[in-house]
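# A look at the structure
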Amino acid sequence: MTREQYILATQQNSLPRTEHPQFYPVGIYGWRKRCLYFFVLLLLVTMIVNLAMTIWILKVMNFTVDGMGNLRVTKKGIRLEGISEFLLPLYVKEIHSRKDSPLVLQSDRNVTVNARNHMGQLTGQLTVGADAVEAQCKRFEVRASEGGKVLFSADEDEIVIGADRLKVTGTEGAVFGHSVETPHIRAEPSQDLKLESPTRSLVMEAPRGVQVNAAAGDLKATCRKELHLQSTEGEIFLNADTIRLGNLPVGSFSSSSSSSSSSPSSAAPRQTIYELCVCPNGKLYLSPAGAGSTCQSSSNICLWS
């Protein structure tokens, strides 16, 4: 037996022997174990409720691989179906509607569309309100759907109406505060054309003449005080089958004309000739033709009565 074996044998024999060995429990027991099970159960219930709520939200919001609810994400952009409400500002480049439905922008108050430059400054604004539609911009244009022809344009200098026909359907007509320049004014085929100035003068001027034509009706010029027909370099030409001047005063007969009318030859029926006389002040009157006529004008127009 070696020395090491002897030492080990003597040490084992010297250890006291116990009749009942002691065991030390390993783990959580008692109230700690019950608390741990309670927290594990609470965590499990929370996870189940969270999973159920997540599934419910996905179901209600209609989440799919393409988007959420009425919102669909496509290659061309974002597509909204149905009625959508935006509570915060929306920044987009273009807004298009479906081919078979219109685009409706609705608001409880005003609908305002703003355009800004790269500096953020406001360059154009369109406001649609309950009382009026206002547009603030440097130039406002309305173009035709086919060809892009300018139908209406307005800026600080002028207003241009590019339509083939300007039609005013109001009962009071069109009211212009200042002069109007146009090459042609025409009424509807079955309507009358009326140019009226209730409190001022009506002046029509043209460098090469003014032509007033009534193809199938009458031409009537009425004024309160005076009617002037003036030609600076030409003449005033009246061409008609019958020219009538009503309400003209008639001159008196002289004694020579009355004595000559009492001759026997005057018993035969004959037509009396009247002369249209012009006074120096420009007034016209009728006077019987004859030697005793009171007409003093050098050039007379004789009319048959």
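Residues numbered from 1 in each chain as written. Predicted model: local features only at pLDDT ≥ 70, side-chain atom pairs only at ≥ 80, totals over all residues. Heavy atoms only, no water.

### Topic: the overall build of the protein
Rule in force here: Runs of H or I in DSSP of at least four residues are treated as helices and runs of E of at least two as strands, each being numbered from the N terminus. Under the scheme applied here, a residue whose accessible area is under 20% of the maximum for its type counts as buried, over 50% as exposed, and between as partly exposed, the area being computed with a 1.4 Å probe on protein chains only. In what follows, a contact means two residues having at least one pair of non-hydrogen atoms within 4.5 Å. Accessibility throughout is a Shrake-Rupley quantity obtained with a 1.4 Å probe, and a residue counts as covered only by protein chains that appear here.
The number of helices and strands found in the protein is 3 helices and 12 strands. Looking at the 305 residues of the protein, the share that counts as buried comes to 6%. Considering only residue pairs separated by 6 or more positions, the protein has 20% of its internal contacts joining residues 24 or more positions apart. For the protein, the exposed surface amounts to about 29,900 Å²; the carbon and sulfur share of it is 55%.

### A look at the sheet that holds strand 5 (residues 122–128)
Keep this limit in mind: A pair of strands is labelled paired if DSSP reports no fewer than 2 bridges between them. Only C-alpha atoms enter the line fits that serve as axes; for helices the fit covers just the stretch in contact. Angles between N-to-C directions range over 0 to 180 degrees.
Taken together, the 3 strands give an open sheet; going across it, the order is 4-5-6, and neighbouring strands pair in antiparallel fashion. Two strands in the sheet have a free side with no partner beyond their single neighbour: strand 4 (111–116) and strand 6 (133–136). For this sheet, the mean angle separating the axes of adjacent strands, direction not counted, is 10°. In this structure, strand 5 lies alongside strand 6, joined through 4 bridges in antiparallel fashion. Each bridged residue has a counterpart across the sheet, and for Val128 the counterpart in strand 6 is Val133.

### Brief notes about the sheet that holds strand 1 (residues 67–68)
If you walk across this open sheet you meet the 3 strands as 1-2-3, and the pairing is antiparallel. Of all the strands in the sheet, just strand 1 and strand 3 (78–80) have a single pairing partner and so form its edges. As judged from the 2 bridges shared by strand 1 and strand 2 (residues 71–73), these two strands associate in the antiparallel manner. Bridging from a neighbouring strand, Gly67 pairs with Arg72 of strand 2.

### Topic: the packing of aromatic side chains
Cut-off, in case you're wondering: Pairing of aromatic rings covers Phe, Tyr and Trp, the last through its six-membered ring, and needs centres within 6.5 Å; plane angles under 30 degrees mean stacked, over 60 mean edge-to-face, and all others mean tilted.
Following the criterion strictly, the structure yields 2 aromatic pairs and no others. Look at Phe38 and Phe39: their rings are 5.8 Å apart centre to centre, the planes differ by 65°, and that puts the pair in the edge-to-face class. The exposed category is assigned to Phe38, whose relative accessible area is 52%.

### Points about the environment of Val210
Within the element layout of this structure, Val210 appears in the loop between strand 9 (159–161) and helix 3 (255–261). Judged by its relative accessible area of 44%, Val210 falls in the partly exposed class. Sequence-distant contacts of Val210, defined by excluding residues within four places in its chain, comprise Met204 and Glu205.

### Observations regarding the pattern of salt bridges
Quick reminder of the rule: Only one rule defines a salt bridge in this text: a Lys or Arg side-chain nitrogen within 4 Å of an Asp or Glu carboxyl oxygen.
This structure, assessed with the given rule, holds 5 salt bridges. A salt bridge links Arg139 to Asp155; the shortest N-O distance between them is 3.1 Å. Of this pair, Arg139 sits in the loop between strand 6 and strand 7 (140–143) while Asp155 sits in the loop between strand 8 (150–154) and strand 9, placing them 16 residues apart in sequence. Overall, the relative accessible area of 27% leaves Asp155 in the partly exposed class.

### Notes on helix 2 (residues 31–60)
As a reminder of what qualifies: For a helix, the expected span equals 1.5 Å multiplied by the residue count minus one.
When the terminal C-alpha atoms of helix 2 are compared, their 43 Å separation across 30 residues agrees well with the 44 Å that a helix rising 1.5 Å per residue should span. Count one or two residues on from helix 2 and you reach Asn62, which has phi positive near 55°.

### Some remarks on the side chain of Ser153
Considering the arrangement of structural elements, one finds Ser153 in strand 8. In this structure Ser153 touches Arg139, Phe140, Glu141, Glu158, Ile159 and Val160, once residues within four positions along its chain are discounted.

### Examining the pairing of strand 7
With 4 bridges connecting them, strand 7 and strand 8 associate as antiparallel partners. The residue of strand 8 that forms the bridge with Val142 is Phe152. In this structure, the hairpin formed by strand 7 and strand 8 is closed by a connection of 6 residues, where Gly147 is found at a positive phi of approximately 90°.

### Observations regarding the side chain of Thr127
Within the secondary structure layout, Thr127 lies in strand 5. Take Thr127: its relative accessible area is 16%, and that puts it in the buried class. Excluding residues within four positions of it along the chain, Thr127 makes contact with Asn110, Val111, Thr112, Ala132, Val133 and Glu134.

### A closer look at the confidence of the model for the protein
Selection criterion: The pLDDT value expresses, per residue, how confident the predictor is, ranging between 0 and 100.
Mean pLDDT for the protein: 75, with 77% of residues reaching 70 or above. Within the protein, no element has a lower average pLDDT than strand 12 (residues 301–304), which sits at 39, and none a higher one than helix 2, at 91. When the criterion is pLDDT under 50, residues 296–305 qualifies, and its contacts beyond four places in sequence or with other chains add up to 18 contacts.

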